[in-house]
Amino acid sequence: MALILDLAAQGAQMLLVLALAPLLLGFTRKVKARLLMRQGPPLLQPYRDLLRLTRKEVVLADNASWLFRAAPYMIFAATWVAAALVPSFAAGLTFSWAADVIAIIALLGSARMFLALVGMDVGTSFGGLGASREMMFASLAEPAMMMIVFTVALVAGSTQLSTIAEFMLTHGSLRVSLGLALAGLIIVTLAENSRIPVDNPATHLELTMVHEAMVLEYSGRHLAVIEMAAALKLLLYLSLIACIFLPWGIAAPGASPAAYAAGLVAYLAKLTAGAFLMVLFETSIAKMRIFRVPEFLGAALMLGLLGTLLLFVSRSF
Amino acid sequence: MAIAAVLWGVAAYFALAVLAVATSRAPGASRLIYAGCIAVSLGILGVAAGELLGGPAVPSAITLPVGLPWIGAHFRLDALAAYFLIVVNLGAAGASLYALGYGQHETAPERVLPFYPAFLAGMNLVLVAADAFSFLVAWEFMSLSSWALVVSHHREPENTRAGTIYILMAMFGTLALLLAFGLLSGPTGAYAFDEIRGARHADWLPGLVLMLMLIGAGSKAGLAPLHVWLPLAHPAAPSHVSALMSGVMTKVAIYGFIRIVFDLLGPPAWWWSIPVIGLGAATAVLGVLYATVERDLKRLLAYSTVENVGIIFVGLGLALAFKANGMAGAAALALTAALLHVLNHSFFKSLLFFGSGAVLTATGERDIERLGGLIHPMPQTAFLVLGGCLAISALPPLNGFVSEWLLFQAVLLSPNLPQWGLKLIVPAAGAMLALGAALSAACFVRAFGIAFLGRPRSPQAAAARETDPVSRAAMGLLLAACLAAGILPGFIIDAMAPVVQAQIGAHMPEQSTNAWLSIVPIAESRSSYNGLLVFLFIALSALVAAEAIHRLASRALRRAPAWDCGYPEPSPAAQYTADSFSQPIRRVFGEFAFLAREKVDMPPPGDARPARLHVSTHDLIWDGLYAPLAGAIQFAANRLNVLQFMTIRQYLSLVFVALVALLFIIAIWP
């Protein structure tokens, strides 16, 4: 019985992230529009967009290969698995030990590799441009993320997100190193999700686009799957920040259904707050020139490294 | 007796080499020789695996009455040697299988066939040698036979240059090894490893031997700044030999380092780990940066080998640091990570070199700027190479990720090290490893994307054909090995427990009994990774997503010209090139790594002259270290050249003066 309940909680988590991801996207768009004094699309617009895309026919470029048709599912699967492994409403779910936070980052790396490859598949200049810039960003964002993980792992004594959340709940205190890690993680979140100031999620036909340039040749159901993966990735990063730095309300392993419900409410509140703050930051800053981005991400890498170094010097920082 | 069986295998390799000399021009000779090599390598593999998995606690040893007359040749098969024998002979079996197909395209088989089995024999012999003399002879034999394979296509001037630099560096490395063994054996000439192990050394001696080993084994493995020969020599050989040199021979050098530094030198001092970790981390980042801007496909792979050797040395350095501080569990973790990476790298690097050989056969091109779109004529090769690219970029659920993950776990244990030097260098090395992993993904997106995706950039690429089924089978087996090692690493970690136990005095907790076959380095609440579940989850999610989409969504599909924002350009030259792909990375990292400078020459409006972009890069290690050294040698040689053109009288007086001087020195020697 307990096993079935655990499996149900795990399954609920997988479906929850899937259901919430477009809503989160719709919420950010709505808030952004309101901050810019526009009416904005309805909250449920991303669901409608995805549904419409799946009903449309796929227009495939003449020389697109088998990789082009298979990759969307790989990108989606890797991102979905990664998103499902980040504790959202409850920690210590049945399969949470299958991958620690290093593996979650690497899973996102797998998705990114496929995305960059399909950008180059059709052989257009935009696709290559997007892939090249994406990999340049990743070459700094990934080590930055790893150093942030090191900082957190050294504080909590674990790279398992469930253990980290539990540690932060019971022994959490204000620390210099965690502050550095949080600042770095916010920078990485903005860069990894193609948000302003690194990339503009609303742009098209611009030489500055990165994510959109890679998926330019996609249409129909393939585009729907890729857009879904992008939405899941945003949800994943916000959940990650919530789970590490704001673990309050998260249900303990094997908790009662009431605790799960409380965890769910807390999780939704955290996502709302996180998305609101992100959009507030986005609207108050201009997009950067492409070669300013490495400096921005380099700052995240330095923050992470500084946090790790402080903890190597003394565990009390 | 196991050791005798291995030596018989080596003798069989030699017999194949002799047979190849006699028959190499005959039709079907290459099939015969390569099939023989497969049989012998599988035989040795079986013996070594039996020894490692179920062998007796006492290593089997033998002394043959050859070699130095008063010592004889000692051979010994312990767990460490057995593990590396498995790595070498797995690689050899794969390369020989691939060569059954690839070797048919060889234009000069008589220059390859005799040296190929000899090279395999040399590598096997290094691993079982148990005295300094046999070790050095086998080491030199391995160097010379691989040199012969490097210059097998000697009419291309590049290859001759590569051969010259390789043999010079190999000689230099062996010289360092010779001095190291000389110091270890002492004035009594105790050359057998057993005697060296039992000897008591002076305090200063082990540190000096470590430095000499970093030069001797490091130059063979490709440790910066001694790596310069590797990207020249490895690509010059035929592709299956490149795979062996990159995937396997560098590992023999790592074996030499472990054998002497961990096994023979006795308990380490903490500061030994600093040069090992520092050089390893620098090598990892430097190697992958070079690979990211390289255009020659095989040279790119060779630079990536340099990176992976750096990663392995970081693991070895961490193991030394932990061992010196008595943290046996952490040392076992770091050494296991390094040894696992040795095996993993031999799998995916061989696979990728085979893929580059298939591309070379299909198109005659190694420059990725002249490739493109190969996924259409070669879909199966493209799939296999893509798998290799994912594995080498350390992405789950493949094997490269497992060893890097273990290494990161070892780095996370290092704040407990007491020394300040280590507290500062280890996190920096961790950051370098993370940077290397991310850059390696960029490097292989570029290599695969430019060579296999897009549209053909040359007529040769457009006319490519799928490679032969035997070559594909060899690549398929290696990809299967990459996947198996990625999802079931626990069994491999358990199998190498005796190796780690012998070097460290501890080993990682048993993994194959964990629930769901997870790997748990220390405790589950601390960290765990389950490649099998991650693989199953990804496969299931992808299948569910694909099934749902195909059931619920529209299945309509139409082929049309590419969209490209409405301005598609029909010329393949409009695609992104390899150089334009790496331009952002070159601009971010290259400014200090290669002193890369870009100059845009933009004509003013009205001027019909084309605009130009000039990029200048420098190889700082070559310019700063090797060029001055070569210049100094040239200068000295020119000066000493007068000695060659003297009269008999002058020579006689020179001899007389030298004799008197020597006698004088002996007379006043205290």
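Residues numbered from 1 in each chain as written. Chains lettered and ligands numbered in written order. Predicted model: local features only at pLDDT ≥ 70, side-chain atom pairs only at ≥ 80, totals over all residues. Heavy atoms only, no water.

(A) Spotlight on the overall build of chain B. What chain B contains, in helices and strands, is 24 helices and 5 strands. By the compact-globule yardstick of 26 Å for 670 residues, chain B fits well, its C-alpha radius of gyration being 27 Å. Along the longest, intermediate and shortest principal axes, the C-alpha atoms of chain B span 95 × 70 × 60 Å. Of all 670 residues assigned to chain B, the portion counted as buried reaches 59%. Residue pairs in contact within chain B that sit at least 24 positions apart in sequence constitute 79% of those at least 6 positions apart. Element-wise, carbon and sulfur atoms account for 69% of the exposed surface of chain B, whose accessible area totals about 25,800 Å². Here chain B contributes 37 positively and 34 negatively charged side chains, and the mean placements of these two sets differ by 5 Å. (Helix = DSSP H or I, 4+ residues; strand = E, 2+ residues; numbered from the N terminus. Rg over C-alpha atoms; globule rule 2.2 N^0.38 Å. Buried < 20%, exposed > 50% of the residue type's maximum accessible area, 1.4 Å probe, protein only. Contact = heavy atoms within 4.5 Å. Areas by Shrake-Rupley, 256 points an atom, 1.4 Å probe, with all protein chains shown as cover. Lys, Arg positive; Asp, Glu negative; His and termini not counted. Charge placed at Lys NZ, Arg CZ, Asp CG, Glu CD.)

(B) Seen up close, the overall build of chain A. Along its length, chain A carries 11 helices and 1 strand. From first element to last, N terminus to C terminus, chain A shows the α and β order α-α-β-α-α-α-α-α-α-α-α-α. Its C-alpha atoms give chain A a radius of gyration of 19 Å, near enough to 20 Å, the size a compact globule of 317 residues would have. Across the 317 residues that make up chain A, the buried fraction comes to 65%. Taking as baseline every contact in chain A between residues at least 6 positions apart, the subset at least 24 positions apart corresponds to 82%. When the accessible surface of chain A is split by element, carbon and sulfur atoms take 70% of a total near 11,000 Å². Positive and negative side-chain charges of chain A, numbering 21 and 17 respectively, have mean locations separated by a distance of 8 Å.

(C) Fine view of the pattern of salt bridges. Under the defined criterion, the tally for this structure stands at 24 salt bridges over all chains. Measuring nitrogen to oxygen at the nearest pair gives 2.9 Å for the salt bridge that ties A:Glu192 to A:Arg112. One end of the pair, A:Glu192, is in helix H7 (residues 176-192); the other, A:Arg112, is in helix H4 (residues 101-121), with 80 residues separating them in the sequence. No difference in accessibility class separates A:Glu192 from A:Arg112, as the two residues are buried. Taking the shortest distance from any N to any O, the salt bridge between B:Arg76 and B:Asp78 comes out at 3.4 Å. For the pair formed by B:Arg76 and B:Asp78, the shared burial category is buried. (Salt bridge = Lys/Arg side-chain N within 4 Å of Asp/Glu carboxyl O.)

(D) Region of interest: the interface of chain A and chain B. Listed per partner, the contact involves 78 residues of chain A and 84 residues of chain B. Contact with chain B buries area across many residues of chain A, yet A:Trp97, A:Met113 and A:Phe312 alone supply 11% of it, more than any other trio. Where chain A meets chain B, there are 1 salt bridge. In this structure, B:Arg558 and A:Glu57 form a salt bridge, with 2.9 Å as the shortest nitrogen-oxygen distance. One can count 30 residue pairs in polar contact (both at pLDDT 80 or more) joining chain A with chain B. (Buried area = accessible area lost by both parts, 1.4 Å probe. Polar contact = N/O pair within 3.5 Å; in protein donor to acceptor, adjacent residues only side chain to side chain.)

(E) Examining the nonpolar core more closely. Core analysis: the largest hydrophobic core is formed by 358 residues, its most contacted members being B:Phe84, B:Phe257, B:Phe313, B:Leu316, B:Leu318, B:Phe322 and B:Phe448. Examining the composition of this core, we find that 20 residues originate from one element, helix H13 (residues 328-363) of chain B, more than from any other. Dropping the residues within four chain positions of it, B:Phe448 is found in contact with A:Leu67, A:Leu117, B:Ala382, B:Val385, B:Leu386, B:Cys389 and B:Leu453. The next biggest cluster of nonpolar side chains, apart from the first, holds 5 residues, and it includes A:Phe126, A:Ala213, A:Leu216 and B:Cys565. (Core = buried A, V, L, I, M, F, W, Y, C linked by side-chain atoms within 4.5 Å.)

(F) The arrangement of helix H16 (residues 420-452) of chain B in detail. Residues and elements named next belong to chain B. In a regular helix each residue adds 1.5 Å, so 33 residues correspond to 48 Å; H16 covers 48 Å between its end C-alpha atoms and thus fits that length. Here H16 lies mainly inside the structure; 27 of its 33 residues are buried. Downstream of H16 by a residue or two, glycine 454 has a phi angle that is positive, lying close to 75°. (Expected span 1.5 Å × (residues − 1).)

(G) Examining the packing of aromatic side chains more closely. All names here are of chain B. Evaluated as defined, the whole model comprises 25 aromatic pairs over all chains. Residues tyrosine 34 and tyrosine 116 carry aromatic rings whose centres are separated by 5.1 Å and whose planes lie at 80° to one another, so their mutual orientation is edge-to-face. Taken as a pair, tyrosine 34 in helix H2 (residues 29-54) and tyrosine 116 in helix H4 (residues 115-128) lie far apart in primary sequence, 82 residues in all. On the basis of relative accessibility, which here comes to 0%, the residue tyrosine 116 falls in the buried class. Between tyrosine 290 and tyrosine 303, the ring centres sit 5.0 Å apart and the planes meet at 15°, which makes this aromatic pair stacked. With tyrosine 290 in helix H11 (residues 273-293) and tyrosine 303 in helix H12 (residues 297-324), the pair connects residues that are 13 residues apart, well separated along the chain. (Phe/Tyr/Trp six-rings, centres within 6.5 Å; stacked < 30°, edge-to-face > 60°.)

(H) Broad picture of H4(A). All names here are of chain A. For H4, which comprises 21 residues, the first-to-last C-alpha distance of 31 Å matches the rise-based estimate of 30 Å (1.5 Å per residue) to within 8%. Most of H4 sits out of view: 21 of its 21 residues are buried. Of the residues trailing H4, glycine 123 is marked for its positive phi of about 85°.

(I) Focus on the packing of helix H3 (residues 79-102) of chain B against H13(B). All names here are of chain B. At a minimum axis distance of 10 Å, the contact between H3 and H13 shows a crossing angle of 10°. As judged from the angle between their axes, H3 and H13 are roughly parallel. Counted together, Tyr83, Phe84, Val87, Leu90, Gly94, Ala95, Tyr98 and Tyr102 of H3 and Leu339, Leu340, Val342, Leu343, Ser346, Phe347, Phe354, Gly357, Ala358, Leu360 and Thr361 of H13 form the full contact between these two elements. Here the contact of H3 with H13 is built from residues that sort into 15 nonpolar, 4 polar and no charged. (Axes fitted to C-alpha atoms, helices over the stretch in contact; angles between N-to-C directions. Parallel < 35°, antiparallel > 145°, perpendicular 65-115°, else oblique. Nonpolar A, V, L, I, M, F, W, Y, C, P; charged D, E, K, R; others polar.)

(J) Structural view of the environment of B:Ser60. All names here are of chain B. When you line up the elements, serine 60 lands in strand S1 (residues 60-64). It is 36 Å that separates the C-alpha atoms of serine 60 and serine 414, two residues lying 354 residues apart in sequence. Apart from residues lying up to four places away in sequence, serine 60 is in contact with Met1, Ala2, Ile3, Glu51, Phe75, Arg76 and Leu77. Within the structure, the side chain of serine 60 is placed 3.2 Å from the backbone nitrogen of isoleucine 3, a separation counted as a polar contact.

(K) Molecular detail of a nonpolar patch on the surface. A surface patch of nonpolar side chains, amounting to about 470 Å² of accessible area, comprises A:Val176, A:Val313, A:Phe317, B:Trp420 and B:Leu424. Among the structural elements, B:Trp420 can be located in helix H16. (Patch = residues over 30% accessible without salt bridge, like charges linked within 9 Å, V, L, I, M, F, W, Y side chains within 5 Å.)

(L) Broad picture of the side chain of A:Asp100. Take A:Asp100: it is sitting in the loop between helix H3 (66-85) and H4. Engagement of the side chain of A:Asp100 in a polar contact is seen with the side chain of B:Trp405, the distance being 2.8 Å. Setting aside residues no more than four positions away along its own chain, A:Asp100 makes contact with A:Thr159, A:Gln160, B:Trp405, B:Gln409, B:Ser527 and B:Ser528.

(M) Main features of the side chain of A:Asp199. Residue and element names in this part refer to chain A. Within the secondary structure, aspartate 199 sits in the loop between H7 and helix H8 (211-214). Despite its burial, aspartate 199 pairs with no opposite charge; the closest candidate is lysine 287, at 5.4 Å N-O. A polar contact is formed between the side chain of aspartate 199 and the backbone nitrogen of histidine 211, at a distance of 3.0 Å.

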